[in-house]
Structure formats: C-alpha cells, structure tokens
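Residue-level structure breakdown
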Amino acid sequence: MTRIDETNSPDNAPIGPSSGGQRGREVTRAEPAGAEQIGLPFAYRPRFGRSDFVAAPSNAAARAWVLDAEAASRWPEGRMALWGESGTGKTHLLSVWAGRYGAPLLQGSRLNERDVVTLLTEGGFRAMALDNADTVPSAQDLLHLINLARERRMALLMAARLPPSRWPFSLPDLLSRLRATAAVPLGQASGDLLRRLLLRLLAERQLVVAPQVTEWLLRRLPRSAGAVRDCVAMLDEAALATGGGVTRGLAASVLENLHKREDESADI
C-alpha cells in the first residue's frame, strides 16, 4: 500500500545535484589520477504530482471525472474505474486523486480481505484507490472491498487496462457490482502529447538530449505513451552504462532493442 501526497514531495524529486549541467544519477568518488570513475545508479522515482500530468484530448473525459473537486460525489454507487492501455496516465490520475483525499493506493495483485478490513477499520480513510484492479487474485476479496466501500460511503477509484465488464472474474455478485461501476477510458496519446511526455520524462531523469535527436526519436517511436516511457528508461540505462551522453547512435541502438522487445512480446 502506498499513501500518496498530491504535491511533489522531495522524495519524488530527482536525486543528486541539479546545477553545473551534471546528471544527478551519476556519483563519482575521488581516486588517484588515472583511476576509474564508478557510476552509481539510483532508483528512478516518477513524479506523480498534478502539475506533472500531461493533459490532452485523449484524457479529457478522465480528468473531468477524476480531477474535478466535486466529481466523486457524482459517481454512481460512489465508485469509478479508469481504463486504457499502459502508459495512458491511469496510475498518475489515481495518485493525484488519492493525494487529494489522503487515500491509500492499493495494488490489485496484493489485495487481500484482511488488509482491507484493517485499512477500513483502523485507517480512518474516506476514500480508496486500487491500481491494476483486474489482477486481484481473489474475486471474493475484490467484492469485499467494493461492498465495504459502499456500506461506509467511501469513494473508490480503480484502474485497469480493460473496462470492468471485461475483467477476468466469474463470481456472480462481483460481476453485478462491476456492471454497475461507471467507467471512463483514457485514449491513445496524440502526437503532441507524446512529444510533451518524452520531454518531461527526459527532464525527470536529467537526460540532456539534442533537439535533433529528440525529433529523430519521435518520428520512429511506436505511437504509444508506454513505448515512450520504455524508450526513456532504456536510454537512461544505456547512457549510464556507457558513461556518455545520448547520441543519435545510442538512440538508434535503444530504438532497435525496443522494437525487438515489442516484436518478441507480440509473438508470445
């Protein structure tokens, strides 16, 4: 479980120095002349503040249903489900919403009835958020969460890749609750959104990339936010491994590996 603060906390800020043009993800230790410098990688933490969310027509409906201050009071049954492909912003919206209400952010794959009861009994929460809701191991546990949230008049926001009616559960009572759950999609990212997302992710990781390399990448990347996120993560790893900057050659190598990985996933 994660408790989210809607504002950007220091814990979510890039780690390391931000001046002098140096990347904060590389630390060197002093050694005698000629000694090798060792780059130490730090864990990347995405920023999930409201100001970091990239607004676009593809997520306008979801923003209206989630970010509006009075939106939750208009949800049928007091719950809402966001759905869309990976990288469309579902987790980001969940995090912003959870921060507003001081709500816990639960992961579907780890949801269990005992933790739900403890949270609702001792946590004093008035709202809950559930990411990857379609991966809850037990249909009974998800049903229990939905029922308790409704009984206690707690707002419940969930997210998954598919709408609730297509989640892989067969428990009749749960199916009835899911059919009664309002759902709003987050669509495919536009070219403008992908551009802004790429620039924001590069800045988050303190990666300095020449404009011509950025444009070269944008023309060749798969047209999805998930692919942009994967590409930036791979660029970061490759640049750290080589100890150099993001050149066109490095970008081409990363892009080739990204396409190979996507082709392998499609064959599975």
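Bear in mind that the values here come from a model prediction, so they are computed numbers and not experimental data.

Further remarks concern the environment of D115. Structurally, D115 can be placed in helix α3 (residues 113–122). Separated by 2.8 Å, the side chains of D115 and N112 make a polar contact.

One pass over the structure, following the stated rule, counts nine salt bridges. Of the charged contacts in the structure, one is a salt bridge between R79 and E77, with a shortest N-O distance of 3.9 Å. Look at E77 and you get partly exposed, because its relative accessible area is 42%. With a shortest N-O distance of 2.9 Å, R205 and D236 are connected by a salt bridge. With R205 in the loop between α6 (191–204) and α7 (211–220) and D236 in helix α8 (residues 225–242), this residue pair connects regions lying 31 residues apart in the sequence. Accessibility assignment for this pair places R205 and D236 in one class, buried. Three or more residues are tied together by salt bridges with common partners; here these are E77, R79 and R150.

With that settled, consider the nonpolar core. By size, the foremost hydrophobic cluster in this structure holds 30 residues, and its most contacted members are L207 and L235. Of all the secondary structure elements, the ones that give two or more residues to this core are α6, α7, α8 and α9 (248–267). The element contributing the most residues to this core is α8, with eight residues. With near-sequence residues (within four places) excluded, L235 lies in contact with L202, L207, L217, V246, L250, A251 and V254. One finds L111, M128, W167 and L178 within the second-largest nonpolar core, a separate group that totals 26 residues.

Here strand β5 (residues 155–160) lies mainly inside the structure; six of its six residues are buried. Every second residue of β5 is oriented toward a common face, with A155, L157 and A159 on one face and L156, M158 and A160 on the other, all of them buried. Inspection of the sheet shows strand β2 (residues 79–83) paired to β5 by five bridges, in the parallel sense. Bridging from a neighbouring strand, A81 pairs with M158 of β5. For the handedness criterion, the β-α-β arrangement of strand β4 (residues 127–131), helix α4 (residues 139–151) and β5 is classed as right-handed.

Considering all chains together, one arrives at two aromatic pairs under this definition. Geometrically, the ring pair formed by W97 and Y101 is tilted, given 5.0 Å between the ring centres and 45° between the ring planes. With W97 and Y101 both in helix α2 (residues 90–101) and four residues apart, the pair spans about one turn of that helix. Taken together, W75, W97 and Y101 form an aromatic cluster joined through their ring pairs.

What counts, and where the lines are drawn
The residue numbering used here restarts from 1 in each chain and proceeds along that chain's sequence as written. For a predicted model such as this one, the threshold for reporting local features is a pLDDT of at least 70, and the threshold for listing and counting side-chain atom pairs is 80 or more; totals across whole chains, interfaces and linings nevertheless cover every residue. In computing side-chain properties, one takes all heavy atoms of the structure into account and sets aside hydrogens as well as water. Runs of H or I in DSSP of at least four residues are treated as helices and runs of E of at least two as strands, each being numbered from the N terminus. Two N or O atoms count as a polar contact when they lie within 3.5 Å, although within protein this holds only if one can serve as hydrogen donor and the other as acceptor, and sequence-adjacent residues are included solely when both atoms are side-chain atoms. Salt bridges are counted wherever a side-chain nitrogen of Lys or Arg sits within 4 Å of a carboxyl oxygen of Asp or Glu. Buried residues are those whose accessible area, probed at 1.4 Å on protein chains only, stays under 20% of the maximum for their type, while exposed residues exceed 50% and partly exposed ones sit between those limits. By nonpolar core we mean a set of buried residues, namely Ala, Val, Leu, Ile, Met, Phe, Trp, Tyr and Cys, connected to one another through side-chain atoms within 4.5 Å. Note on definitions: a residue-residue contact is assigned when non-hydrogen atoms from the two residues lie within 4.5 Å. Pairing between two strands is assigned when DSSP locates at least 2 bridges connecting them. Convention used here: a crossover is right-handed provided that the path from the first strand, over the helix, to the second strand proceeds clockwise when the strands point away from the viewer. Centres within 6.5 Å make a pair out of two Phe, Tyr or Trp rings, where for Trp the six-membered ring is used; the pair is then stacked when the planes are under 30 degrees apart, edge-to-face when over 60, and tilted otherwise.

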